[in-house]
Amino acid sequence: MSIHDWFKRKKLQKETEYTRERLDIPGDLWVKCYKCGQPIYAKDLAANLKVCPKCNYHFKLTSAERLAQLFTDNSFKEINAGLTSRNFLEFTDTKDYSRRIEESILKSGLNDALVTGLGKLGGLEVAAGIMDFSFMGGSMGSVVGEKFARLVEAAREKKCPVIVFSTSGGARMQESIMSLMQMAKTSAALGRLRENRLPYLSVLADPTTGGVSASFAMLGDVNLAEPGALIGFAGPRVIEQTIRQKLPPGFQRSEFLRDHGMVDIVCERRFLRETLIKLLRFFKD
Ligand SMILES: [Zn+2]
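A. Representation of the overall build of the protein. When its secondary structure is counted, the protein shows ten helices and ten strands. In terms of its C-alpha atoms, the protein occupies a principal-axis envelope of roughly 90 × 45 × 45 Å. Within the protein, the proportion of its 285 residues that are buried is 36%. Across the protein, the fraction of contacts at a sequence separation of at least 24, relative to all contacts at a separation of at least 6, is 66%.

Written as structure tokens, this is what we have:
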């Protein structure tokens, strides 16, 4: 390489660097799909209900996004919004649990991992609960259990059906046995709903695991799931280590669970609202 070529290459390199710098795009304008890796224009993704237009991957929704997609007439009125968790066991892991709660409230703008309220869907009154994974991984502690139970009580009073959207990493470890108790508490509440012959629709979003999947998420009169959602109690690695067998492909995903009778309907997000309305009408008649 001559000295002229060397300078030429150096100049070319600089230009490329410059161009790259100018093409630097702010992170919130484009989103990379977790599944297919394609860049998606954030506005297009939002317009498509946060589903990848290229591979149909369903992104996680916050409770606010879910509510906006569901109650398009703004009829949702939140109840028991003020309930917050306390560190009654004075539990500290790498951080004090009280501090963890405070930080989660600030970060998510929510008071706990479940938002509950009453609204109208297709003209029919419903009691709805939406879990939010952004609040401590959607973990179920005493507040999630209490809000769930109160939601069911409200539905019994109004004589309306209950719809709950689950997404959870499981029980909230920081509340120990009190978290585990919520599995029995929420199941008992649903038992009372059943006595009143009121329907309960459960929608499972990615991921629904641990204590939530082992209690109210799987107790729906109809269990619906979004495509490709991870649904299970323990993770696949733990199971593989325990049973010392290789797990089949697609294990613990919505479609696998439907094929094995654990989920009734795998429903794409764009059809979810109308499917729920259809089911509500079916149960009403
Ligand atoms: Zn994709």
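B. Just the packing of helix H5 (residues 142-158) against helix H6 (residues 176-195), in detail. Relative orientation of the contacting elements H5 and H6 amounts to 10 degrees, with a least axis distance of 8 Å. The angle between H5 and H6 falls in the class roughly parallel. Note on element contacts: H6 touches H5 through Met178, Gln182, Lys185, Thr186, Ala189, Leu190, Arg192 and Leu193, opposite Ser142, Val144, Gly145, Phe148, Ala149, Val152, Ala155 and Arg156. The residue makeup of the contact of H5 with H6, split by class, is nine nonpolar, four polar and three charged.

C. Molecular detail of the pairing of strand S6 (residues 162-168). The buried fraction of S6 amounts to seven of the seven residues, a majority that puts the element mostly inside the structure. Judged by which residues are buried, S6 turns out to be covered on both faces: Val162, Val164, Ser166 and Ser168 on one side and Ile163, Phe165 and Thr167 on the other are all buried. When strand S5 (residues 124-131) meets S6, the two strands line up parallel, connected through four bridges. By the bridge assignment, Ile130 is partnered in S6 with Phe165. One crossover worth recording links S5 to the parallel S6 by way of H5, and it is right-handed. Taken together, the six bridges between S6 and strand S7 (residues 200-209) define a ladder with parallel strand orientation. Counterpart to Val162 in the pairing with S7 is Tyr200. Each parallel crossover has a hand, and for S6 linked through H6 to S7 it is right-handed.

D. Spatial organisation of H5. Its 17 residues give H5 an end-to-end C-alpha distance of 24 Å, which sits within 8% of 24 Å, the value for a rise of 1.5 Å per residue. On its buried face, H5 sits against strand S4 (114-121), S5, S6 and H6.

E. Quick look at the nonpolar core. In terms of nonpolar packing, the biggest core is built from 49 residues, with Phe148, Val152, Ala155, Val162, Ile163, Leu193 and Leu204 touching the most fellow members. Setting aside its immediate chain neighbours within four residues, Phe148 contacts Leu114, Gly129, Thr186, Ala189 and Phe216.

F. Expanded view of the pairing of S4. Along S4, six of the eight residues are buried, which leaves the element largely enclosed by surrounding structure. Direction of pairing for strand S3 (residues 77-79) relative to S4: antiparallel, over a ladder of three bridges. Across the sheet, Ile79 pairs through a bridge with Thr116, a residue of S4. In this sheet, S5 lies alongside S4 in antiparallel orientation, the contact comprising eight bridges.

G. Structural detail: the environment of Asn48. Take Asn48: it is sitting in the loop between helix H2 (42-47) and helix H3 (63-70). With 15 C-beta atoms packed within 10 Å, Asn48 lands in the partly exposed category. In the structure, Asn48 is positioned 221 residues away from Arg269 in sequence and 9.2 Å away in space, judged by C-alpha atoms.

H. Highlighting unusual backbone geometry. In this structure, Pro207 follows Asp206 across a cis peptide bond, with omega equal to -15 degrees. Relative to the helices and strands, Pro207 resides in strand S7. Residue Leu49 is not a glycine yet carries a positive backbone phi of 60 degrees. Residues other than glycine seldom take positive phi values, yet Asn74 does so here, at roughly 60 degrees. Of note, Asn74 is situated in the loop between H3 and S3.

I. Looking closely at the confidence of the model for the protein. Counting all residues, the mean pLDDT for the protein is 93, and 92% of those residues have values of 70 or more. Note that pLDDT drops below 50 for residues 17-23; the model gives that stretch zero contacts with residues more than four away or on any other chain.

J. Examining helix H8 (residues 236-243) more closely. The element H8 is barely covered by neighbouring structure, given that only zero of its eight residues are classed as buried. Positive backbone phi, at 50 degrees, marks Arg244, one or two positions downstream of H8.

K. Here's a closer look at the environment of Ile101. By the element assignment, Ile101 lies in helix H4 (residues 97-108). Note: C-alpha distance between Ile101 and Phe216 (115 residues apart in sequence) is 23 Å. Those residues in contact with Ile101 that sit more than four places away from it in its chain are Thr84 and Ser85.

About the criteria used
- The residue count restarts for each chain, going from 1 along the sequence in the order it is written.
- Where local features are concerned, this predicted model is filtered to residues with pLDDT of at least 70; where side-chain atom pairs are given and counted, the filter is 80 or more; whole-chain, interface and lining totals use all residues.
- A helix here means a DSSP run of H or I that spans at least four residues, while a strand means a run of E at least two residues long, and both kinds are numbered starting from the N terminus.
- Comment: burial labels come from other C-beta atoms within 10 Å of the residue's own C-beta, placed from the backbone, where a count of 20 or more is buried, 12 or fewer is exposed, and between is partly exposed.
- Once C-beta atoms are placed from the backbone, any two residues with those atoms within 7 Å are in contact.
- Axis definition: a line fitted to C-alpha atoms, limited for helices to the stretch in contact. Angles are taken between N-to-C directions and run from 0 to 180 degrees.
- Roughly parallel here means an angle under 35 degrees, roughly antiparallel means over 145, roughly perpendicular means 65 to 115, and every remaining angle is called oblique.
- Gly is put with the polar residues, along with every residue not named as nonpolar or charged; the nonpolar set is Ala, Val, Leu, Ile, Met, Phe, Trp, Tyr, Cys and Pro, and the charged set is Asp, Glu, Lys and Arg.
- At least two bridges found by DSSP between two strands are what make those strands a pair.
- Here, the term right-handed applies to a crossover whose path from the first strand over the helix to the second runs clockwise when the strands point away from the viewer.
- Each helix should span, by expectation, one fewer than its residue count multiplied by 1.5 Å.
- To define a nonpolar core, we join buried Ala, Val, Leu, Ile, Met, Phe, Trp, Tyr and Cys residues through C-beta atoms within 7 Å and take the resulting set.
- For every residue, the predictor assigns a confidence score, pLDDT, that lies between 0 and 100.

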